[in-house]
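The primary structure of each chain is shown beneath.
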Amino acid sequence: MAWFTDRHFFLLAVAVYGLSTVYSVFLWRKGFRKDDHVNYLLLLAAFVLHTVAMVRRGFSINHCPVNNLFEATVFIAWSAAAAYLVIGLLPKLRFLGAFASPVLFAIGVFALMPELDPPHGPTPQFTGALTSLHAATILLAYGAFGLGAAAAGMFLTEQHDLKFHKLRAVLSLLPPIQRLEIVTGRLVLAGFILFTIGLEAGRYLPRAADASYWSDPKVIWSAFMWLVYLALLVSRLALAQSSRRFAYGVIAAFIFLLLTFWGTNLLSPLHQPLHHP
Amino acid sequence: MNVVVIGLSHHSSPVELRERFAFAETKIPEALKSLRNLGFAEAVILSTCNRVEIYAATTQEPAATFAELKQFLARWSETAGKPEAGSSRCDDRTAQRAVPTNIGNELYTLAEPQSLQHLFKVACGLDSMVLGETEILGQLKQAYALAQQHGHTGARLNKAFQRAFHVAKHVRTHTSIQRGSVSVASAAVELAEKIFNSLQDREVLVIGAGDTSEKTARALRSRGARSIIVASRSHERAAALANELGGRAVPFDDWAAEFEKIDIVISSTSAPHHILDRAKLEPLMKARKQRPLLLIDIAVPRDIDPAVNFLENVYLYNIDDLQAIADDYLKQRQDEIARCEAIIAEKVKTLLETKNLQPRTSTEGHGLNAAPAKL
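Here the structure is a predicted model, which is why all the values come from computation and not from measurement.

All right, on to the overall build of chain A then. Secondary structure summary: chain A contains nine helices and zero strands in total. The secondary structure elements of chain A, listed N-terminal to C-terminal, are α-α-α-α-α-α-α-α-α. Among the 277 residues that make up chain A, the fraction classed as buried is 44%. For chain A, the proportion of contacts with a sequence separation of at least 24, taken over those separated by at least 6, is 81%.

Put into structure tokens, the structure is as follows:
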């Protein structure tokens, strides 16, 4: 079984996320009328495989598996899946899985690109408790933002159906839109708190004497993302921004995060020390 | 011993005929006693607005049984036709109804296995006027309890009724026959539950005190809506309705001032023009800090300009929209009938097989109020 690596486990997990995505399309077409547990169980099965993959990777490097883009991306998806499995215990929010599984599948496929997972050197590039805290909290934050985007997608779908008097809005078993609005807001807030803790921890990480902190592309990008989410929260909580615009903002911010996360990481000397000697 | 049923329902007869045969609740024990004197040791009388039925267990041939039960019904209705202090579940005037001159073909008579199938269908709400409604199950339980309490049930009816209650529960759990709202008022409540996190603490404004708006407000109140504000051109009517619903009445011209607090509006005035349009609602929504607002317009002509639905966080539904929801649920329930009937057929078959397996004893027919067999 030695040939069956953590990547294979993750590949299986992504395949099950894919299966869940296909099943979600059927749920959508059926109008979310039956509270079945199939999708939840599929995501639970994928999560178990996903966890095994991460644990194996962690043991193989004797460190929290957040050392390269593959591991970081896998961690983001894992935290989103974990958050969903907790939220999905509430029957009314179980259908969030139908919106989360395409996101998890997309992140999983992206993570499997070989360039993201170069072989480790004799020792991990990053070590230390503070580094683990920095990486883990930020990746958990991304997971919360991802699940928030899924909840926002669910909100917009249901709101559209209610506005345009689609019967499925009433006949479906989706939760009330006000609850989805609350869930989205709380996920973004939780993500923002974790993101802040993670960024703050990053400030105190040891770095090379000549490494510039505030000119590093990833630091600038992270500060920008922090401001984006701060603006979203302030507009929502203090300025009573409309829930529809907030939902669009949450989705747009997460898509932007996903699209730029890889690029800024590659450009960052702080996060790619081997490539930027 | 076979279970038979004789009766009439909204399917077979008009209300004018049904009311002649209705049993006042206080008179049912006496009627059951009369049935026992006729040789029907086990009997249950179900008398509701939509049906009057006698379920009996007998060893006689069905034809003879039905003839006897028909005569009993005729005699009973003549006796009960005299004014008396009996209470009815539907109408207080039941006791003063006209005496029937004849019993026509409106009476249906069913012997096993159809009688058991009928009992199960009644328990499941499949024979009800509102398909799948649950009130009938409560009425059936009450009728059975009354008969049991007075010692008019035995092993056969106990088993049949207990099984009917069990089947009703099974059908409710495993099919969608009772799912959804099939009335405009309950569709409105369901809609509100799709918008608001909870109906607790929601304030409802009723503009114009019509019958449907009253039912809708009542349904919202029963689901936890905090308060009802009523605005009607007739302040007396508004005050009466508000009093009934535990709310408060406001002058008709002041309803807009309540918008800051309220979450749901039910409008049913007889105004010939829109009483609420986009220009009027836009500043009100700002004052409400864009909280969701459900507008239910059940007036014809409509009270609310459809253009308000384009405003953020405003959800406008008119009478046709609500009726469409109710109709769709009804269609769903109708689609479930075949599944329910298949379950019922299976359960009746099992019940009859159990009966056939049981050895006949000399005490059969005398086991009144025997403990119901485990189902």
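Here the narrative resumes, following the displayed structure.
Residues and elements named next belong to chain B. The pairing of strand β6 (residues 227-232) with strand β7 (residues 248-251) spans four bridges and is classified as parallel. For I229, the partnering residue across the bridge sits in β7 and is R248. Where the polypeptide runs from β6 across helix α9 (residues 235-245) and back to β7, its parallel neighbour, the crossover connection is right-handed.

If you look at the interface, chain A gives 16 residues, while chain B gives 19 residues. Listed by contribution, the elements that provide at least two residues to the side of chain A that touches chain B are α5 (129-163), α6 (167-171), α7 (177-203) and α9 (243-267) of chain A. Taken together, the residues of the side of chain A that touches chain B break down into nine nonpolar, four polar and three charged.

A word on the packing of helix α1 (residues 6-29) of chain A against helix α4 (residues 96-111) of chain A. Helix-helix packing is characterised by the crossing angle of the two axes and by the distance between the axes. Residues and elements named next belong to chain A. The geometry of α1 relative to α4 is characterised by a closest axis approach of 8 Å and an angle of 145 degrees between their N-to-C directions. For the pair α1 and α4, the crossing hand works out as left-handed. Residue-level inspection shows A13, V14, Y17, G18, S20, T21, S24, L27 and W28 of α1 in contact with α4, the latter providing G97, A98, S101, P102, L104, F105, G108 and V109.

Turning to the confidence of the model for chain B, a few remarks are in order. Low pLDDT marks regions whose predicted coordinates should not be analysed in detail. Residue and element names in this part refer to chain B. When pLDDT is averaged across chain B, the result is 83; 88% of the residues are at 70 or more. When pLDDT is averaged over each helix and strand of chain B, the minimum, 80, is found for helix α1 (residues 15-21) and the maximum, 94, for helix α4 (residues 114-124). Here residues 82-89 is a poorly scored stretch, pLDDT under 50, and it has 18 contacts once near neighbours within four places are set aside; other chains count. Confidence drops under a pLDDT of 50 for residues 360-375, and excluding neighbours within four residues, the segment shows 24 contacts in the predicted structure. Taken together, the chains of this predicted complex give a pTM of 0.68 and an interface ipTM of 0.71.

Another point: the sheet that holds strand β2 (residues 42-47) of chain B. All names here are of chain B. One open sheet holds the four strands; their spatial order is β2-β3-β1-β4, and the pairing between them is antiparallel. Two strands lie at the open edges of the sheet, namely β2 and β4 (108-110), each paired on one side alone. Strand-to-strand twist across the sheet, computed as the mean angle between neighbouring axes with direction ignored, equals 10 degrees. Pairing geometry for β2 and strand β3 (residues 51-58), over six bridges, is antiparallel. Looking across to β3, one finds that L46 is bridged to E53. Sitting on the sheet, α4 is in contact with β1 (2-9), β3 and β4, with an inclination near 55 degrees to β1.

Definitions and cut-offs
Residues numbered from 1 in each chain as written. Chains lettered and ligands numbered in written order. Predicted model: local features only at pLDDT ≥ 70, side-chain atom pairs only at ≥ 80, totals over all residues. Helix = DSSP H or I, 4+ residues; strand = E, 2+ residues; numbered from the N terminus. Buried ≥ 20, exposed ≤ 12 C-beta atoms within 10 Å, placed from the backbone. Contact = placed C-beta atoms within 7 Å. Pairing = 2+ DSSP bridges. Right-handed = clockwise from strand over helix to strand, strands pointing away. Nonpolar A, V, L, I, M, F, W, Y, C, P; charged D, E, K, R; others polar. Axes fitted to C-alpha atoms, helices over the stretch in contact; angles between N-to-C directions. Left-handed = near helix turned anticlockwise from the far one by under 90°. pLDDT = per-residue confidence, 0-100.

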